[in-house]
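# Topology and contacts: notes
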Amino acid sequence: MSKDKIALSLVEVMVSIILLTIIIATSLQIQQNNIFLLDKFKNSSLYDSYLSLVVSPSKDIRNTNIILSDKIKLNDDEIRKEFKTIKIKIKDIEQKDILLPDNDYLKTAKVTKSIYSIEAKASKSFYTFKLQ
């Protein structure tokens, strides 16, 4: 009965350690990227929700800056404190009027682009069409 010995050279051991190190470092980097992207998505979703609270066709808030707590009244003190720090800028931009096909009722459509933004954190654009 012969005994075969499995022997590893120092080079083989070093190569396997380097490969394991690369795999572990890559998986940690992927985990960090995923955590960053999830946090970014969470914040973006939160700011989009804030913007949706004030979207309105009303003329009284056009081309102004508003504080979210002034428009939304809540009883919860924690949410009210957070809303006081949210400043939303609303800007209207008149777009080029659209000529409609010949008919007896409508001639043009006046297009207005409304941009709702929270500093550099979130921005949404909405279009309003007024048929004339």
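The written sequence of each chain sets the order in which its residues are numbered from 1. A pLDDT threshold of at least 70 governs which residues receive local features in this predicted model, and a stricter bar of 80 or more applies before side-chain atom pairs are shown or counted, although totals over entire chains, interfaces and linings include all residues. The basis for the side-chain values is all heavy atoms of the structure; hydrogens and waters are excluded.

## Things to note about the overall build of the protein chain
The condition is simple: Helix and strand labels come from DSSP, where a helix needs a run of H or I of at least four residues and a strand needs a run of E of at least two; each type is numbered from the N terminus. Computation of the radius of gyration draws on C-alpha atoms, with the globule rule given as 2.2 Å multiplied by the number of residues to the power 0.38. Burial classes follow relative accessibility: with a 1.4 Å probe on protein chains only, a residue under 20% of its type's maximum area counts as buried, one over 50% as exposed, and anything between as partly exposed. The criterion used for residue contact is that any of the two residues' heavy atoms lie within 4.5 Å. Surface exposure here means Shrake-Rupley accessible area, sampled with a 1.4 Å probe, where a residue is shielded only by the protein chains that are shown. Counted as positive: Lys and Arg. Counted as negative: Asp and Glu, with His and the chain ends omitted from the count. We put the charge of a Lys on NZ, of an Arg on CZ, of an Asp on CG and of a Glu on CD.
Along the protein chain, the regular secondary structure elements total three helices and five strands. Each helix and strand of the protein chain, ordered N terminal to C terminal, gives the series α-β-α-α-β-β-β-β. Taking 14 Å as the expected radius of gyration for a compact globule of 132 residues, we find that the protein chain reaches 29 Å, considerably beyond that expectation. With the C-alpha coordinates aligned to their principal axes, the bounding extent of the protein chain is approximately 105 × 50 × 25 Å. Scored against the burial criterion, the 132 residues of the protein chain give a buried share of 19%. Once local pairs closer than 6 in sequence are excluded, the contacts in the protein chain between residues at least 24 apart make up 41%. Of the accessible surface of the protein chain, which amounts to about 10800 Å², a share of 60% is contributed by carbon and sulfur atoms. Positive and negative side-chain charges in the protein chain, numbering 21 and 16 respectively, have mean positions lying 3 Å apart.

## Focus on the side chain of Thr-112
Within the secondary structure, Thr-112 is located in strand β4 (residues 108-118). With sequence-adjacent residues up to four places away left out, Thr-112 is seen in contact with Asp-92, Ile-93, Glu-94, Gln-95, Phe-126, Tyr-127 and Thr-128.

## Looking at the side chain of Thr-108
Relative to the assigned elements, Thr-108 resides in strand β4. Thr-108 sits in the buried class, given a relative accessible area of 16%.

## Topic: the confidence of the model for the protein chain
Here is the rule we go by: pLDDT measures the predictor's confidence residue by residue and takes values from 0 up to 100.
Predicted confidence across the protein chain gives a mean pLDDT of 84, with 92% of residues reaching 70 or more. Per-element confidence in the protein chain is highest for helix α1 (residues 10-54), whose mean pLDDT is 92, and lowest for helix α2 (residues 68-71), whose mean pLDDT is 80.

## Topic: the environment of Ser-56
Assignment of secondary structure puts Ser-56 in the loop between α1 and β1 (64-67). C-alpha separation for the pair Ser-56 and Ser-45, spaced eleven residues apart in sequence, amounts to 19 Å.

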